[in-house]
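Here are the chains, one letter per residue:
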Amino acid sequence: GHGRVAVELDSSTGVAVMKMENLPVNSLSLDFLTEFLISLEKLENDRGCRGVILTSGAPKIFSAGLDIMEMYGKSAEHYAEFWKAVQEMWLRLYQSNMVTIAAINGSSPAGGCLMAVCCDYRIMAENPKYSIGLNETQLGIVAPFWFKDTMVNTIGNRATERSLELGLLYSPPEAHKIGLVDQLVPEEKIQSTAAAVMSQWLAIPDHARQITKSMMRKPTVDRLLAHRESDIQNFVSFITKDSIQKSLQMYMEMLKQRRG
Ligand code: CO8
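Cut-offs applied
Residues numbered from 1 in each chain as written. Predicted model: local features only at pLDDT ≥ 70, side-chain atom pairs only at ≥ 80, totals over all residues. Heavy atoms only, no water. Helix = DSSP H or I, 4+ residues; strand = E, 2+ residues; numbered from the N terminus. Rg over C-alpha atoms; globule rule 2.2 N^0.38 Å. Buried < 20%, exposed > 50% of the residue type's maximum accessible area, 1.4 Å probe, protein only. Areas by Shrake-Rupley, 256 points an atom, 1.4 Å probe, with all protein chains shown as cover. Lys, Arg positive; Asp, Glu negative; His and termini not counted. Charge placed at Lys NZ, Arg CZ, Asp CG, Glu CD. Phe/Tyr/Trp six-rings, centres within 6.5 Å; stacked < 30°, edge-to-face > 60°. Near = heavy atom within 4 Å. Polar contact = N/O pair within 3.5 Å; in protein donor to acceptor, adjacent residues only side chain to side chain. Nonpolar A, V, L, I, M, F, W, Y, C, P; charged D, E, K, R; others polar.

### Digging into the overall build of the chain
Reasoning step 1: Broken down by element type, the chain carries 10 helices and 8 strands.
Reasoning step 2: Its C-alpha atoms give the chain a radius of gyration of 18 Å, within 12% of the compact-globule value 18 Å for 260 residues.
Reasoning step 3: When its C-alpha atoms are laid out on the principal axes, the chain stretches across 55 × 40 × 40 Å.
Reasoning step 4: Burial statistics for the chain: of 260 residues in total, 50% are counted as buried.
Reasoning step 5: Accessible surface, the chain: about 12,400 Å² in total, of which carbon and sulfur atoms supply 55%.
Reasoning step 6: Distance between charge centroids for the chain: 3 Å, based on 27 positive and 29 negative side chains.

### Considerations on the environment of E77
Reasoning step 1: The topology assignment puts E77 in helix α2 (residues 76–94).
Reasoning step 2: The exposed category is assigned to E77, whose relative accessible area is 59%.
Reasoning step 3: When the C-alpha positions of E77 and K246 are compared, they lie 20 Å apart, and in sequence the two are 169 residues distant.

### Thoughts on unusual backbone geometry
Reasoning step 1: Put simply, L23 and P24 share a cis peptide bond, and its omega is 10°.
Reasoning step 2: Note on placement: P24 falls in the loop between β2 (15–20) and α1 (30–44).
Reasoning step 3: We note that N26 has phi near 50°; this positive angle belongs to a residue other than glycine.

### Quick notes on the packing of aromatic side chains
Reasoning step 1: If you walk through the whole model with that rule in mind, you get 9 aromatic pairs.
Reasoning step 2: Summarising the aromatic geometry, the rings of F32 and F36 are spaced 6.5 Å apart at their centres and angled 45° between planes, so their arrangement reads as tilted. Taken as a pair, F32 and F36 lie in helix α1 at a separation of 4 residues, close to a single helical turn. Comparing F32 with F36 shows no difference in burial state: the two are buried.
Reasoning step 3: Between the aromatic rings of Y79 and F235, the centroid separation amounts to 6.5 Å while the plane-to-plane angle is 85°, which identifies the pairing as edge-to-face. Here Y79 is found in helix α2, whereas its partner F235 is found in helix α9 (residues 228–239), with 156 residues between them in sequence. We note that Y79, like F235, is buried.

### With respect to the site of the ligand
Reasoning step 1: Close to the ligand lie 27 residues, the nearest being A64, L66, I68, Y251 and R258.
Reasoning step 2: In this structure, A64 approaches the ligand through a main-chain N or O atom, which is 2.9 Å from a nitrogen atom.
Reasoning step 3: In the model, an oxygen atom of the ligand is placed 2.6 Å from a nitrogen or oxygen of the R258 side chain.
Reasoning step 4: Looking at the shell around the ligand, the elements that each hand over two or more residues are α9 and α10 (242–259).
Reasoning step 5: Considering every element that reaches the shell around the ligand, the biggest residue donor is α10, with 6 residues.
Reasoning step 6: Residues of the shell around the ligand, tallied by class, amount to 18 nonpolar, 4 polar and 5 charged.

Shown next, in the form of structure tokens:
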């Protein structure tokens, strides 16, 4: 189906708002990732679009991260296809020529956090119920090296080491303190703040900013590009292990029970 990514481009400012609407929790399924990539690509190729604000239309959740059902009980071929789409999302978002700002208006675990750290700037709603981080180890799985690299590039080596080993999910003030998000605002101010920050970024000539962004990010991107196939194979052989499938099953059951 369509319509899970709502895009609104303001042609007077050149700024698009991409609102994720894969209800209930914006989990990153293969279908959703595909639609997300098509929407992003369209904006990337539109000369009238210079900046994107990535946000959520799901109440209280930015994105629940990778869709666990895509990693559970499926074929090796399916896992490979899914993982390729996850890589593609990262490659496109991390290298976007547009200014990308995440307006994090809800919780953002794992793959949701990854999407946010791919952006140029992060604004988070200061709601104490929200959290953000790479919590993979809590599921008994391991964040791949390029998730780790993106996090290191954002918060540094020591904070990443602690954060990933423990699978920490940070409250907004904690996330702000370690630099995982750049700014906290009251929830109702998040879109207007994103628009204001965007206009500051767009005051810089595009080509100078783009070359600088590429200079900062290219070594990280090149590491995945050099090992893309083996990264897919690693994912498939890891995720098809009985012990890992069991961990994911237990985690899904825990999520359901917790809701009661
Ligand atoms: N995938 C699939 N379904 C999900 C996911 C998910 N990531 N998250 C939630 N759901 C489902 C729930 O099971 C529930 O389903 P149902 O209605 O059928 O019971 C529904 O969505 C709503 O969830 P909740 O009732 O839990 O809603 P809440 O508002 O209480 O909480 C949260 C929302 C905070 C998002 C909570 O659901 C949560 O913590 N979800 C899990 C998030 C998570 O841990 N994601 C990690 C995914 S792994 C990843 O992104 C990177 C993996 C890297 C791969 C490495 C392998 C080598």
